[in-house]
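Here are the chains, one letter per residue:
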Amino acid sequence: MAAMSVIGIDFGNESCYIAVAKAGGIETIANDYSLRGTPSCVAFSPKNRILGVAAKNQMVTNMKSTVFGFKRLLGRKFSDPYVQKELKHFPYKVEPRPDGGIGIRINYLGEDNVFSPEQITAMLFTKLKESAAIALQTPINDCVISVPSYFTNAERNALFDAAAIAGLNVLRLMNETTATALAYGIYKQDLPAPEEKSRNVVFVDFGHASLQVAACAFNKGKLRILATSCDASCGGRDIDSALAEYFCQDFITRYKLDPKKNQRAYLRLLQEVEKIKKQMSANSTKLPLNIECFMEERDVTGDMQRTQMEQICAETFSRIERTLKNILHNAKLRPEDISSVEIVGGSTRIPAVKALMEQVFGKVPSTTLNQDEAVARGCALQCAMLSPAVRVREFNVTDVQPYAVRLAWDADRGEDGDMEVFPAFHAAPFSKMLTFYRREPFSVSAYYSDEIPYPDTFIGQWHIKDVQPTPEGESQKVKLKVRVNIHGIITVASASLVEKKPDAQESVEMENSNENVQASGQELPMDTNQEKQENGPEEVREEQKQSWTQRVGQWFIGDKKDKSKKVIVKTIELPIEARTHGLTQTELNSYLEQEGKMQAQDRQEKERADARNALEEYVYELRGKVSEGDTLHDFIAEDLRSRLVEKLDGLEQWLYDEGEDEKRQVYSDKLTELRTEGEPIKQRRLEFELRPGALDDFALSIQLTNKAVDQYRSGEARYAHLTEAEIAKVCEASKNALNWLETARQALAHAPLHQAPPYTTHQIRQERQNLENIVNPILSKPKPKEKTPPPASNTAGDGQAPAPEQTTQEQMDVD
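Residues numbered from 1 in each chain as written. Predicted model: local features only at pLDDT ≥ 70, side-chain atom pairs only at ≥ 80, totals over all residues. Heavy atoms only, no water.

A. Representation of the overall build of the protein chain within the structure. Each helix and strand counted, the protein chain has 18 helices and 29 strands in total. Buried positions account for 48% of the 815 residues belonging to the protein chain. Partitioning the intrachain contacts of the protein chain with sequence separation of at least 6 by distance along the chain shows that 68% fall at a separation of at least 24. If you sum the accessible surface of the protein chain, you get close to 40,700 Å²; carbon and sulfur atoms cover 48% of it. (Helix = DSSP H or I, 4+ residues; strand = E, 2+ residues; numbered from the N terminus. Buried < 20%, exposed > 50% of the residue type's maximum accessible area, 1.4 Å probe, protein only. Contact = heavy atoms within 4.5 Å. Areas by Shrake-Rupley, 256 points an atom, 1.4 Å probe, with all protein chains shown as cover.)

Set out below in structure tokens:
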């Protein structure tokens, strides 16, 4: 079974991974550098974009035009305090846009361009999409992309927009911890049965820029996220920064050099301390740090050991401990309730982090999962489950909405126009129905009511249009569906006007909420413990003193007790005008067009560079081979060799001078012209190498033919059926072939190597084929079959065939 175009993308702050669902399991895709991880870097040059590994490799030399860490900027405003804090990590220029958003100013194609974080992310996704398409040999469309569980509506919408710009159809934005839990649970064969007590597992994802913890409950065929706990700005890079700060102070003291005054030097220092941090995870001895030509053409050295690093990063470790303890509180679990602790993310390899987990949870962390690839694998599994093209084992995934969400609306008559629709850690995806009584259009707004890692709690505002009073001037019933969708985005999914009119027919139309929800099994109206008010949300029809069960039953079944009330229920969908985070359709179309132009420019530049490289490679190869003592030296005349070498030298000079930046066609034309001189030389060399074998094969065919003639002359039984005329034809063909071969050998022996040979390998093989076409049909001619005499009649009448008559040699002689 070929690989399906069903991929999962782990979009990390530092690196990205792509996994694909294939028959028999999940496979992680390697990029064009044969690496599984693709750096989250996008660089720009005067001619094209540089993406992934190539961008990371030239980060130090092209740092002002190399963009990284842009995942932290998605969906945010420039004035965001969080963004202002992030800016200290970036050597490239970030500025406010007219709408208050973030603009990344880059010199591209020789001009100043301002790109949004969504556009930069889309560029990286374009590279990942291309890598997957090359590896799978099929176009890529559907995908599941990982997203931090702490991302808000604004950030999720921004990531969704980035994927749309890259031409990806996102089946789901999946929380990273949920993807990890899916990758862990779907292969477990020993999970408790659905009716048994769940197995609780804690997943800790400590990556480059954030810490995420999730508590999950597993049963056979399903997983349920209980709660999450996050620190959005605590990651491995904080340890790098702390170590870099230590060495900065050390270098100021010992060398009087301040790396913070030189961005390139500081970037190199960060890269070196990251290496030493990784070494300390496996080694507790003192480790050296050496950087050549660090600043002012001076070398610097230093050293550090693990215990020293733990003291320097004590604040970071205390934040980690606090986040780990929070999960127990959020999930209402005790350490003894937890079956195991699974860790992923590169920074979980630090021994001090593992020790904190063991201290908080009372269990040694388990490394069952691939720490770098688990998220991508979970995303690929989810994509396969959502795709109709792939069959996957049934496994139900219930996520959570990490923050409490409130809904507000226009309120009058003293009512409270605000209520909590989703408490923190509510199951997701999920929908809830609200019923309003209104005479005119109205608006509802959604807000986060918890503390979130985002300065603005606003989620969105939805204006419900076309609401009018009844003919009697009364309010009409309007039902709103508020939903946390599969991407974790909160929205008002629909609004409908419910009209009831008397009907003379016997049937009764029942009103119900027909949305099936994964977490609860059915949609329920929201209970706010308040009586029906004309301008407020009405959750029930009966008085408040009725039980909740009774009210729910009446909501779904209608007034079935009174059969005399026969009504027709008519539902009219109402238009909704939404104001939420994310790009407008006009902006999205503009970015799509711009991305298409940049992709075309990249392709054009790649073709141009390939053509230039092909010409340069041919110049070097040909000049090297025609030089003294090399393979082509003897196959070109002396005067022609001098002229050709002079031409090749001129082409090399041209390539590094005025020909540095020519169009693709110019390089292709020069290569074609050069090949007209170089290929005949190569062909003569090739002929020289192949001719001896062809001549020997021809001689062998002549030899075998003559041997067959000799066997015929000596009375060999297998040729006894051939006629003299046929043998004469074979002899004639062999003689002519031998004469041709001797003539060719003599001519080739005296022919100069630098001239075209008088006889080519193709001609020799053709003459051999001509000989075999004449000889083989004759020599392989089958013997004629001997005639078998008919059986004699059975005169004895015993039912047995008579024995054949025996003829003695004497009788044959007499006859």
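B. Seen up close, the pairing of strand E2 (residues 15–22). Burial of E2 is extensive: six of the eight residues sit out of reach of the surface. Summarising the sheet, strand E1 (residues 7–11) and E2 pair through five bridges and their orientation is antiparallel. Residue pairing in the sheet places Phe11 in a bridge with Cys16 of E2. Linking E1 to E2, which pair antiparallel, is a turn of three residues. Relative to strand E4 (residues 38–39), E2 runs antiparallel, the two being bridged by two bridges. Along E4, the bridge assignment pairs Ser15 with Pro39. Of the pairings in the sheet, the one linking E2 to strand E3 (residues 25–28) comprises four bridges and is antiparallel in character. When the sheet's bridge partners are listed, Val20 is paired in E3 with Glu27. (Pairing = 2+ DSSP bridges.)

C. Broad picture of the packing of helix H13 (residues 585–626) against helix H15 (residues 664–713). Between H13 and H15, the least distance of the axes is 9 Å, while the angle of their chain directions is 25°. Of the possible angle classes, the one that applies to H13 and H15 is roughly parallel. Like other packed secondary-structure pairs, H13 and H15 cross with a definite hand, here left-handed. Along its contact with H13, which presents Glu607, Arg608, Ala611, Arg612, Ala614, Leu615, Tyr618, Val619, Glu621 and Leu622, the element H15 presents Arg664, Tyr667, Ser668, Lys670, Leu671, Leu674, Arg675, Gly678, Glu679 and Lys682. Of the residues contributing to the contact of H13 with H15, the split by class is nine nonpolar, two polar and nine charged. (Axes fitted to C-alpha atoms, helices over the stretch in contact; angles between N-to-C directions. Parallel < 35°, antiparallel > 145°, perpendicular 65-115°, else oblique. Left-handed = near helix turned anticlockwise from the far one by under 90°. Nonpolar A, V, L, I, M, F, W, Y, C, P; charged D, E, K, R; others polar.)

D. Local environment of the packing of aromatic side chains. Scanning the entire structure with this criterion turns up 24 aromatic pairs. Between the aromatic rings of Tyr184 and Phe203, the centroid separation amounts to 5.4 Å while the plane-to-plane angle is 75°, which identifies the pairing as edge-to-face. Residue Tyr184 is located in helix H5 (residues 176–185), and its partner Phe203 is located in strand E13 (residues 199–206); the two are separated by 19 residues in the primary sequence. Ring plane angle 65° and centroid distance 5.4 Å describe the contact between Phe635 and Phe688, whose orientation is recorded as edge-to-face. Here Phe635 is found in the loop between H13 and helix H14 (638–655), whereas its partner Phe688 is found in helix H15, with 53 residues between them in sequence. By way of ring pairs, the aromatic residues Tyr246, Phe247, Phe251, Tyr255 and Phe294 are connected into one cluster. Positioned over the ring face of Tyr656 is Arg612, at 5.4 Å from the centre of the ring. The ring of Trp654 has Lys670 sitting right over it, with the charged end atom 4.9 Å from the ring centre. (Phe/Tyr/Trp six-rings, centres within 6.5 Å; stacked < 30°, edge-to-face > 60°. Lys NZ or Arg CZ within 6 Å of the ring centre and 35° of its normal.)

E. Quick look at the nonpolar core. Formed by 93 residues in total, the largest nonpolar core has its most connected members in Phe125, Ile145 and Leu480. Ignoring sequence-local partners within four residues, the contact set of Ile145 consists of Ile9, Phe11, Phe125, Leu159, Ala163, Leu168, Val170, Arg172, Leu173, Met174 and Cys379. Grouped together as the second largest cluster of nonpolar side chains are 49 residues, Leu211, Val213, Tyr255 and Leu333 included. (Core = buried A, V, L, I, M, F, W, Y, C linked by side-chain atoms within 4.5 Å.)

F. Local environment of helix H3 (residues 117–136). Taking 1.5 Å per residue, 20 residues should reach 28 Å; H3 reaches 29 Å between its end C-alpha atoms and fits that length. Within H3, 15 of the 20 residues are buried, leaving the element largely enclosed by the surrounding structure. Positive phi appears at Gln137, one or two residues downstream of H3, with a value of about 55°. (Expected span 1.5 Å × (residues − 1).)

G. Geometry of the sheet that holds strand E20 (residues 405–409). The antiparallel open sheet is built from five strands, whose spatial order is E21-E20-E24-E25-E29. The open sheet has two edge strands, strand E21 (418–422) and strand E29 (576–580), and neither has a second partner. Along the sheet, successive strands turn relative to each other by an average axial angle of 25°, direction set aside. Examined bridge by bridge, E20 and strand E24 (residues 442–448) share five bridges and lie antiparallel to one another. Within E24, the residue paired with Leu407 across the bridge is Ala446.

H. The arrangement of the pairing of strand E5 (residues 41–44) in detail. Of the two faces of E5, both are covered, the one formed by Cys41 and Ala43 as well as the one formed by Val42 and Phe44. As defined by bridge partners, E5 adjoins strand E6 (residues 49–51) across three bridges and the pair is classed as antiparallel. Bridge assignment links Phe44 to a residue of E6, and that residue is Arg49.

I. Representation of the confidence of the model for the protein chain within the structure. Per-residue pLDDT for the protein chain has a mean of 86; in total, 87% of the residues score no lower than 70. By mean pLDDT, helix H12 (residues 548–557) is the weakest element of the protein chain at 34, and strand E14 (residues 211–219) is the strongest at 97. The low-confidence segment residues 504–563 (pLDDT under 50) makes 118 contacts with residues lying over four places distant or belonging to another chain. (pLDDT = per-residue confidence, 0-100.)

J. Geometry of the sheet that holds E14. Ordered in space as E18-E13-E14-E15-E19-E22, the six strands form an open sheet in which the pairing is mixed. Both outer strands of the open sheet, strand E18 (338–344) and strand E22 (426–428), are each paired with one neighbouring strand and no more. Sheet twist, expressed as the mean angle between neighbouring strand axes with direction ignored, is 30°. When E13 meets E18, the two strands line up parallel, connected through six bridges. For Asp205, the partnering residue across the bridge sits in E18 and is Val344.

K. Main features of the pattern of salt bridges. Enumeration according to the criterion identifies 50 salt bridges in this entry. With a shortest N-O distance of 2.5 Å, Arg237 and Glu86 are connected by a salt bridge. Taken together, the residues Arg237 in helix H6 (residues 236–255) and Glu86 in helix H2 (residues 81–86) connect sequence positions 151 residues apart. Taking relative accessible area as the criterion, Arg237 reaches 9% and is therefore assigned buried. Its relative accessible area of 3% is what places Glu86 among the buried residues. (Salt bridge = Lys/Arg side-chain N within 4 Å of Asp/Glu carboxyl O.)

L. Layout of the packing of H15 against helix H16 (residues 724–750). Their axes nearest at 10 Å, the elements H15 and H16 cross at an angle of 155°. The angle between H15 and H16 falls in the class roughly antiparallel. As for the relative orientation of H15 and H16, their crossing is left-handed in sense. Contact with H15, carried on its side by Arg691, Leu695, Asp696, Phe698, Ala699, Ile702, Thr705, Asn706, Val709, Tyr712 and Arg713, involves Glu724, Ile727, Val730, Cys731, Ser734, Ala737, Leu738, Trp740, Leu741, Arg745 and Leu748 of H16 and no other residues of that element. Per-class residue counts for the contact of H15 with H16 are 14 nonpolar, three polar and five charged.

M. Quick peek at the side chain of Glu118. Among the secondary structure elements, Glu118 is positioned in helix H3. Arg97 provides the closest opposite charge to the buried, unpaired Glu118, separated from it by 7.2 Å. Apart from residues no more than four positions distant in its own chain, Glu118 is found in contact with Leu74, Gly75, Ala158, Ala162 and Ile165. (Lys, Arg positive; Asp, Glu negative; His and termini not counted.)

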